[in-house]
Amino acid sequence: MDERIVMVDSGTGLKLTEEQLDERSAVATVQLRRRGVRAGDTVLICLPVGPDLLVATDAVIAAGGVVWPLPADLDTPTLHDRIKESCARVMVSNLPQALEAADETRVRIIMSVADLTDSHPSPTGC
């Protein structure tokens, strides 16, 4: 049986199949919903182009959210301005400059890529 490749990571050469995308997106969708993402919620995504960005985007859409992409190469002040403009309360990012830029904004939930793949919530529920 042929596996349909949907993405090849240019940095690592790793391939993401359609089945892997569906599986990872389903888990990520559950994690977003557990963190309170509901239909119509704006979710910022600040990740480099690659499989994680694709999975996060797919999951936000599946959760009924609105994807607000932020380029991963923006400087902190520009990121801060864009985050404030979005009025979002949820962001998916691993990037230090994005985490710093979210200070003093409406963002209250910051999820890393690892948070999207963890099928077991932390004991604190955070």
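Data block above holds the structure.
One structure accompanies this document, and this report is about it. (Residues numbered from 1 in each chain as written. Predicted model: local features only at pLDDT ≥ 70, side-chain atom pairs only at ≥ 80, totals over all residues. Heavy atoms only, no water.)

1. Some words on the overall build of the protein
Part 1 of the argument: Along the backbone of the protein there are five helices and six strands.
Part 2 of the argument: Counting from the amino terminus, the protein carries its helices and strands in the arrangement β-β-α-β-α-β-α-β-α-β-α.
Part 3 of the argument: If you line up the protein on its principal axes, its C-alpha atoms span 50 × 30 × 25 Å.
Part 4 of the argument: By the burial criterion, 37% of the 126 residues in the protein qualify as buried.
Part 5 of the argument: Sequence-distant contacts in the protein: of pairs separated by 6 or more residues, those separated by 24 or more amount to 58%.
Part 6 of the argument: Approximately 7,300 Å² of the protein is accessible, and the part contributed by carbon and sulfur atoms is 54%.
Part 7 of the argument: Positive and negative side-chain charges of the protein, numbering 12 and 19 respectively, have mean locations separated by a distance of 7 Å. (Helix = DSSP H or I, 4+ residues; strand = E, 2+ residues; numbered from the N terminus. Buried < 20%, exposed > 50% of the residue type's maximum accessible area, 1.4 Å probe, protein only. Contact = heavy atoms within 4.5 Å. Areas by Shrake-Rupley, 256 points an atom, 1.4 Å probe, with all protein chains shown as cover. Lys, Arg positive; Asp, Glu negative; His and termini not counted. Charge placed at Lys NZ, Arg CZ, Asp CG, Glu CD.)

2. Let's talk about the environment of Val30
Part 1 of the argument: With respect to the element layout, Val30 can be found in helix α1 (residues 18–34).
Part 2 of the argument: Judged by its relative accessible area of 38%, Val30 is partly exposed.
Part 3 of the argument: Sequence separation between Val30 and Val67 is 37 residues, and the spatial gap between their C-alpha atoms is 16 Å.

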